[in-house]
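# Overview (structure and organization)
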Amino acid sequence: MRFNPFISHRLLINAIIAMFFSAVFLSSYLGVLKTYASIQWLDIMGEGGIVLMTLVWIAALLISRPPSKVTTYLVIGVGLFMFSATLDLLDEWLMHPAHQWLSWIESLPAPLGMLLTSVGLYYWHQEQYVLNRQLRRREAHLREHDKVCPITGLYKAQYLDCLLYTSPSPRDLSTSR
């Protein structure tokens with residue numbers, strides 16, 4: 001059975017979509033369109049790039065990670081940062097007069113998102129430590145993944161040749177004791 005992120009991460013995907021569209025709704029409902037002359041296009045390109053890259057990071061996380069608390073922390077954390085960045089992008093087109101609480105909504109999710117991302121990275125570090133320990137036991141010194149055939153999952157012949165010619169022979173090991 002193949003891993004399908006759209007099925008296994010359905011709730012996270014819905015949460016990210018809801019965050020994005022709630023930022024668009026809040027900004028467009030409460031904002032007034034700026035004049036063309038007052039729009040800062042360089043800011044739009046920079047802030048739009050930030051929003052686009054956070055969406056790419058979220059997609060990469062959802063595609064590459066199985067469902068877990070690590071994935072949830074990372075995706076929700078980056079999603080909250082994306083929410084703030086989206087509001088920041090949209091206020092380049094829209095003015096928000098007399099809505100001080102909207103600037104709080106724009107500013108507060110980003111540090112909360114970075115906190116959740118940091119917690120996710122901490123748990124990811126613990127997860128990687130356990131996985132690396134398991135792989136070290138299983139693979140010993142055979143951890144050259146660029147020499148593994150992508151089709152069969154077996155090591156390629158050149159790796160075997162290299163291993164046979166560089167490792168000590170059993171006779172060398174018996175004399176070193």
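Our structure is the block above this text.
Computed from a predicted model, the values in this text were never measured in an experiment.

Next up on the list: the side chain of R65. Position of R65 among the secondary structure elements: in the loop between α3 (41-64) and α4 (69-90). According to the relative accessible area criterion, R65 is buried, its value standing at 9%. Separated by 2.9 Å, the side chains of R65 and T71 make a polar contact.

Turning our attention to α3. Here α3 spans 34 Å end to end across 24 residues, near enough to the 34 Å set by a 1.5 Å rise per residue. For α3, the complete set of buried residues consists of I44, E47, V51, T54, I58, L61 and L62. Packed against the buried residues of α3 are α1 (5-8), α2 (10-30) and α4.

Time to look at the packing of α2 against α3. Their axes nearest at 11 Å, the elements α2 and α3 cross at an angle of 170°. Between α2 and α3, the angle is such that the two are roughly antiparallel. Contact residues: L12, I13, I16 and F20 in α2; V51, L55, I58 and L62 in α3. Grouping the constituent residues of the contact of α2 with α3 by class yields eight nonpolar, no polar and no charged.

Cut-off values and rules
Residues numbered from 1 in each chain as written. Predicted model: local features only at pLDDT ≥ 70, side-chain atom pairs only at ≥ 80, totals over all residues. Heavy atoms only, no water. Helix = DSSP H or I, 4+ residues; strand = E, 2+ residues; numbered from the N terminus. Buried < 20%, exposed > 50% of the residue type's maximum accessible area, 1.4 Å probe, protein only. Polar contact = N/O pair within 3.5 Å; in protein donor to acceptor, adjacent residues only side chain to side chain. Expected span 1.5 Å × (residues − 1). Contact = heavy atoms within 4.5 Å. Axes fitted to C-alpha atoms, helices over the stretch in contact; angles between N-to-C directions. Parallel < 35°, antiparallel > 145°, perpendicular 65-115°, else oblique. Nonpolar A, V, L, I, M, F, W, Y, C, P; charged D, E, K, R; others polar.

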